[in-house]
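In case you want the letters, here they are:
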Amino acid sequence: MKHTIQALVENKFGVLARVASLFSARGYNISSLAVGETQDPTISCMTIVVSAEDERILEQIKKQLHKLIDVITVIDFTRRDHIDRELLLAKVVKTKESKATIDKLIKAYDLKLTEETGGYCIIEVSAEHHKIKEVLQSLKKFELKELVRTGRIAISK
Amino acid sequence: MKGAKILIESLLKEGVEVIFGYPGGSVIPLFDSLYDSPIKLIVPRHEQAGAHMADGYARSTGKVGVCLATSGPGATNLTTGIATAHMDSVSMVAITGQVKNSLIGNDAFQEADVTGITRSISKHNYLVKDVKDLAYTIKEAFYLASSGRPGPVVIDLPVDVQMQDAKFDYFDKIEIRSYRPSHFGHAGQIKKILKLIYSAKKPVLITGGGIIISGANQELLRFAEKTNIPVTTTFMGLGGFPSTHKLALGMPGMHGTVYANMAITESDLLISVGSRFDDRVTGKLSEFAPKAKIVHIDIDPTSISKNINVDIPVVGDAKTVLEQLIEELDESKLSNLDSWHKNIETWKKKNPLKYSQEKTGKIKPQYVIEEIYNQTKGGAIIVTEVGQHQMWAAQFYKYDYPRSFLSSGGLGTMGYGFPAAIGAKIANSNKEVIVIAGDGSIQMNIQELATLSAYNVNIKIIILNNNYLGMVRQWQELFYDRRYSGTPLKNPDFVKVAEGYGIKGIRVKKPSDVKSAVKEILSSKKPVLADFWIEEEENVFPMVPAGEAINRMIGGMA
Ligand SMILES: Cc1ncc(C[n+]2csc(CCOP(=O)(O)OP(=O)(O)O)c2C)c(N)n1
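## Focus on the overall build of chain B
Reasoning step 1: Helix and strand counts for chain B come out as 21 helices and 18 strands.
Reasoning step 2: Relative to the compact-globule value of 24 Å for 558 residues, chain B shows a C-alpha radius of gyration of 24 Å, a close match.
Reasoning step 3: For chain B, the C-alpha atoms occupy an extent of roughly 70 × 60 × 40 Å along the three principal directions.
Reasoning step 4: Burial statistics for chain B: of 558 residues in total, 60% are counted as buried.
Reasoning step 5: Long-range contacts, defined as pairs at least 24 residues apart, comprise 75% of the intrachain contacts of chain B with a sequence gap of at least 6.
Reasoning step 6: Carbon together with sulfur atoms contributes 51% to the accessible area of chain B, which is approximately 21,600 Å² in total.
Reasoning step 7: For chain B, the distance from the average site of its 62 positive side-chain charges to the average site of its 58 negative ones is 4 Å.

Structural data, given as structure tokens:
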């Protein structure tokens, strides 16, 4: 099961490495990690997505996170009402045939066409995880030059 | 004021009296400032030993121990000492020189990523890039090292920062928004614990290093006497409760007493205070205290419910929580524990800690320890290395006072004891400090005989010499068909080695000489190294094989 954990941390160098090594020291794979400043520039927000089968280990990781001196709070979003988003950018090769399908896709999923040149276009999707997955599935029919995704970010309702 | 001077001034503000430091290119400015400061400098012969000395200083006093090393190899040599302190929650500040700011990350000469290397073996660490942050960082480091669950804090200090100028302002208060250790136990939980105590028929206390760290021994004694609950003391907790007290059950776990392990297995209420249910204590988890409700009091939330399911968790300081429990206790509600105590008495009578005198006429190691106890009457600080001798020292000396037994529990570091004893003696010049060492362990930091000699530190070194890496040999004997791979030792003449360093050395080979030898050692005003040739294949019993339930011990069961 995937868990979304948020940690508010001091905005200092070295903090990211501390958090990351907590997971690696236990052989845990972080599915995604997104970091950015908050409204308070001395505080950064880290959203960490991790899959954990054993709740006990997860509980331990949350406590260990909290124990880090630079970590201010830790929130587990898994059982909380929240909104989460991931961002995906895809550079799709444009051909006569693909143009129409791309337009359809854009309509269906409310995507954004960010850039269009002769040879390719860039599609932007900001959505929750399952929708990103669907879009990814649809994009399989195209020739992709590049595809990049951010980690998940989350906010409580 | 220059950075180096700021550091020394800050240390003085923190009350530091001694530094264990080894020089090098990246710390020359610091050593220069130390030169005319009132802080006493002890130079070990190896940085690892310097860190262990700071550790012994800290464990024996409760103050923060300070060690210092140069960048690169100096810093990496410190790491075993830092990790040892981390595992046993010892207050330590380790200062390392670093190459200058502009070279960091360039694979410069004698550069190592110290914050990276020490991240997982320290409570916290810093790289100070700006001299303006230095004083505050030191204040914070001492606060973190000594508060909450203590631990080592590393300060990595580039050499150019040591030479830069800043105004020296020291701070009296520290406020870290993300760090607020809680001392008081939750009042509701306290009530629940007392309820369980009132109804328990077979309660047991299991007390650990937290008792000693928080200075809770008096509170523990009062609590145990008021409630009449028997007390087991873990390896790290030895001295936290008087071993000679009638409620004392001794050490639980792998090499614990039969009666401690039986009591835990049969108990209906287990109250752990400042002990983390280490796997050497619990044995097979599924059969640990199967009938008991479990209460766990610890200042570190990550220690609670880590491997044992706990019925009542309490996050708080051992001393404070015990005070709360005593305060709220209604003695009239306690149930009668007479039959429980009778039970325990039978186990104690049937299965005391014992060893046999007979066989080859060689010295029994347990006898040496007993004799040291008899002659010091428990008043010495005993420091051990790691191995069989460590377990015999835990079993056969009786610890009645906190901070009288220093040993590497969590990491099990061979090479810890001898230098730690030097640190302990420097802090406690009026006390007898005795190292119990194996012939293997002593050789891990034997070069510190030079430090002993140079500073004339009057400690006594007892080598229980069995010509083996005994503890590993014991496992090979019991579980690997006596295939002694890598464990026989070809030793130097320890007496000559001692003499080479200007230390008195004696050798003892006969059981009948033990008494007088111990007397001679203890009465010497100078350090002595004593090489006791002991029964070579003596084993530590009782013993719970790894992964077995703690009530299934080999040896010692009647
Ligand atoms: C640095 C280090 N290396 C290896 C070990 C593994 N080890 C644990 S006990 C032991 C044997 C210790 O032998 P000795 O010091 O002679 O003591 P004895 O067991 O014979 O009393 C060894 C090798 C260790 N604990 N620490």
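What follows picks up the thread again.
## Quick word on the confidence of the model for chain B
Reasoning step 1: Confidence along chain B averages 96 in pLDDT terms, with 99% of residues attaining 70 or more.
Reasoning step 2: Interface predicted TM-score (ipTM) for the complex: 0.89; the corresponding pTM is 0.96.

## A short note on the confidence of the model for chain A
Fine structural detail should not be taken from predicted coordinates in areas where pLDDT scores are low.
Reasoning step 1: Summary statistics for chain A give a mean pLDDT of 90 and a share of 100% for residues scoring 70 or more.
Reasoning step 2: Averaged over each element, pLDDT in chain A is lowest for helix α3 (residues 96-109) of chain A (83) and highest for strand β4 (residues 71-76) of chain A (95).

## Description of the site of the ligand
All names here are of chain B.
Reasoning step 1: Near the ligand lie 16 residues; those nearest to it are Gln-388, His-389, Gly-412, Ser-441 and Gly-470.
Reasoning step 2: Between the ligand and His-389, the relevant distance is 2.8 Å, taken from an oxygen atom to a side-chain nitrogen or oxygen of the residue.
Reasoning step 3: The separation between an oxygen atom of the ligand and a polar main-chain atom of Gly-470 is 2.8 Å.
Reasoning step 4: Against a free-state accessible area of 590 Å², the protein chains account for coverage of 76% of the ligand.
Reasoning step 5: Looking at the shell around the ligand, the elements that each hand over two or more residues are α16 (388-396) and α19 (470-479).
Reasoning step 6: Counting residues per element, the shell around the ligand draws most heavily on α19, which supplies 3 residues.

## Things to note about the environment of Ala135(B)
Residues and elements named next belong to chain B.
Reasoning step 1: Looking at the secondary structure, you find Ala-135 in helix α6 (residues 134-146).
Reasoning step 2: Classification of Ala-135 as buried rests on a relative accessible area of 7%.
Reasoning step 3: Counting along the chain gives 16 residues from Ala-135 to Arg-119, while the straight-line C-alpha distance between them is 22 Å.

## Overview of the interface of chain B and chain A
Accessible area lost during the coming together of the parts is what is often quoted as the interface size.
Reasoning step 1: With 21 residues of chain B at the contact, the number on the chain A side is 17 residues.
Reasoning step 2: Summing both sides of the interface, chain B and chain A together bury roughly 1,600 Å²; the carbon and sulfur share of this comes to 47%.
Reasoning step 3: The residue Asp300(B) makes a salt bridge to Lys67(A) at a minimum N-O spacing of 2.6 Å.
Reasoning step 4: Applying the counting rule to chain B against chain A returns 11 residue pairs in polar contact (both at pLDDT 80 or more).
Reasoning step 5: With 3 residues, strand β5 (residues 124-127) of chain B is the single largest residue contributor to the side of chain B that touches chain A.
Reasoning step 6: The class makeup of the residues in the side of chain B that touches chain A is 7 nonpolar, 7 polar and 7 charged.

## With respect to the environment of Ile503(B)
Residues and elements named next belong to chain B.
Reasoning step 1: Residue placement: Ile-503 occurs in the loop between α20 (494-500) and β17 (504-508).
Reasoning step 2: In this structure Ile-503 comes out as buried when scored by relative accessible area, which is 4%.
Reasoning step 3: In this structure the C-alpha to C-alpha distance between Ile-503 and Ala-450, which are 53 residues apart in sequence, comes to 8.8 Å.

## Things to note about the packing of aromatic side chains
Reasoning step 1: Summed over the entire model, instances satisfying the criterion amount to 13 aromatic pairs over all chains.
Reasoning step 2: Each ring, one from Trp340(B) and one from Trp347(B), has its centre 6.0 Å from the other, and the planes form 85 degrees; the classification is edge-to-face.
Reasoning step 3: Residue class for Trp347(B) comes out buried when judged on its relative accessible area of 14%.
Reasoning step 4: Members of the aromatic cluster, each reached through a chain of ring pairs, are Phe235(B), Tyr373(B), Tyr397(B), Tyr399(B) and Phe405(B).
Reasoning step 5: The side chain of Lys91(A) reaches across the aromatic face of Tyr120(A), ending 5.2 Å from its centre.
Reasoning step 6: Its end group placed over the ring of Tyr468(B), Arg473(B) keeps NZ or CZ at 5.5 Å from the ring centre.

## Some points on helix α8 (residues 187-199) of chain B
What sets the pattern is the α-helix's 3.6 residues per turn: residues three or four places apart point alike.
Reasoning step 1: Its 13 residues give α8(B) an end-to-end C-alpha distance of 19 Å, which sits within 8% of 18 Å, the value for a rise of 1.5 Å per residue.
Reasoning step 2: Packing partners of the buried residues in α8(B) comprise α10 (217-227), β10 (269-273), β11 (293-298), β12 (312-315) and α13 (318-328) of chain B.

## Here we look at the sheet that holds strand β1 (residues 18-21) of chain B
Residues and elements named next belong to chain B.
Reasoning step 1: Ordered by their spatial adjacency, 6 strands build an open sheet running β2-β1-β3-β4-β6-β5, and the pairing between neighbours is parallel. Each end of this open sheet is capped by a strand with a single partner; those strands are β2 (40-42) and β5. The average angle at which neighbouring strand axes cross in this sheet is 20 degrees, direction not considered.
Reasoning step 2: Relative to strand β3 (residues 65-69), β1 is paired through 2 bridges, and the arrangement is parallel. By the bridge assignment, Phe-20 is partnered in β3 with Cys-67.
Reasoning step 3: Sitting on the sheet, helix α3 (residues 47-61) is in contact with β1, β2, β3 and β4 (92-98), with an inclination near 170 degrees to β3.
Reasoning step 4: Its contacts with the sheet put helix α4 (residues 73-87) on β3, β4 and β6 (152-158), and the angle it makes with β4 is roughly 165 degrees.

## Quick look at the pairing of strand β5 (residues 82-93) of chain A
Residues and elements named next belong to chain A.
Reasoning step 1: For β5 and strand β9 (residues 153-156), the ladder comprises 4 bridges, and the chain directions are antiparallel. Directly across from Arg-85, in β9, lies its bridge partner Ile-153.
Reasoning step 2: Relative to strand β7 (residues 120-127), β5 is paired through 8 bridges, and the arrangement is antiparallel. Pairing of Val-92 across the sheet is with Cys-121, part of β7.
Reasoning step 3: Note that β5 and strand β8 (residues 144-149) share 5 bridges and pair antiparallel. Paired with Val-92 across the two strands is Leu-144, which belongs to β8.

## A few points about the sheet that holds strand β15 (residues 433-438) of chain B
Strands belonging to one sheet form pairs held by backbone hydrogen bonds; the direction of such a pair is parallel or antiparallel.
Residues and elements named next belong to chain B.
Reasoning step 1: If you walk across this open sheet you meet the 6 strands as β14-β13-β15-β16-β18-β17, and the pairing is parallel. Since the sheet does not close on itself, it has two edges, and those belong to β14 (405-406) and β17, each with one partner.
Reasoning step 2: Inspection of the sheet shows strand β16 (residues 460-465) paired to strand β18 (residues 528-533) by 6 bridges, in the parallel sense. Opposite Ile-461, over in β18, you have Leu-529 as the bridge partner.
Reasoning step 3: Packed onto the sheet, α16 meets β13 (381-384), β14, β15 and β16 and runs at close to 140 degrees relative to β15.

The rules behind these values
Residues numbered from 1 in each chain as written. Chains lettered and ligands numbered in written order. Predicted model: local features only at pLDDT ≥ 70, side-chain atom pairs only at ≥ 80, totals over all residues. Heavy atoms only, no water. Helix = DSSP H or I, 4+ residues; strand = E, 2+ residues; numbered from the N terminus. Rg over C-alpha atoms; globule rule 2.2 N^0.38 Å. Buried < 20%, exposed > 50% of the residue type's maximum accessible area, 1.4 Å probe, protein only. Contact = heavy atoms within 4.5 Å. Areas by Shrake-Rupley, 256 points an atom, 1.4 Å probe, with all protein chains shown as cover. Lys, Arg positive; Asp, Glu negative; His and termini not counted. Charge placed at Lys NZ, Arg CZ, Asp CG, Glu CD. pLDDT = per-residue confidence, 0-100. Near = heavy atom within 4 Å. Polar contact = N/O pair within 3.5 Å; in protein donor to acceptor, adjacent residues only side chain to side chain. Buried area = accessible area lost by both parts, 1.4 Å probe. Salt bridge = Lys/Arg side-chain N within 4 Å of Asp/Glu carboxyl O. Nonpolar A, V, L, I, M, F, W, Y, C, P; charged D, E, K, R; others polar. Phe/Tyr/Trp six-rings, centres within 6.5 Å; stacked < 30°, edge-to-face > 60°. Lys NZ or Arg CZ within 6 Å of the ring centre and 35° of its normal. Expected span 1.5 Å × (residues − 1). Pairing = 2+ DSSP bridges. Axes fitted to C-alpha atoms, helices over the stretch in contact; angles between N-to-C directions.

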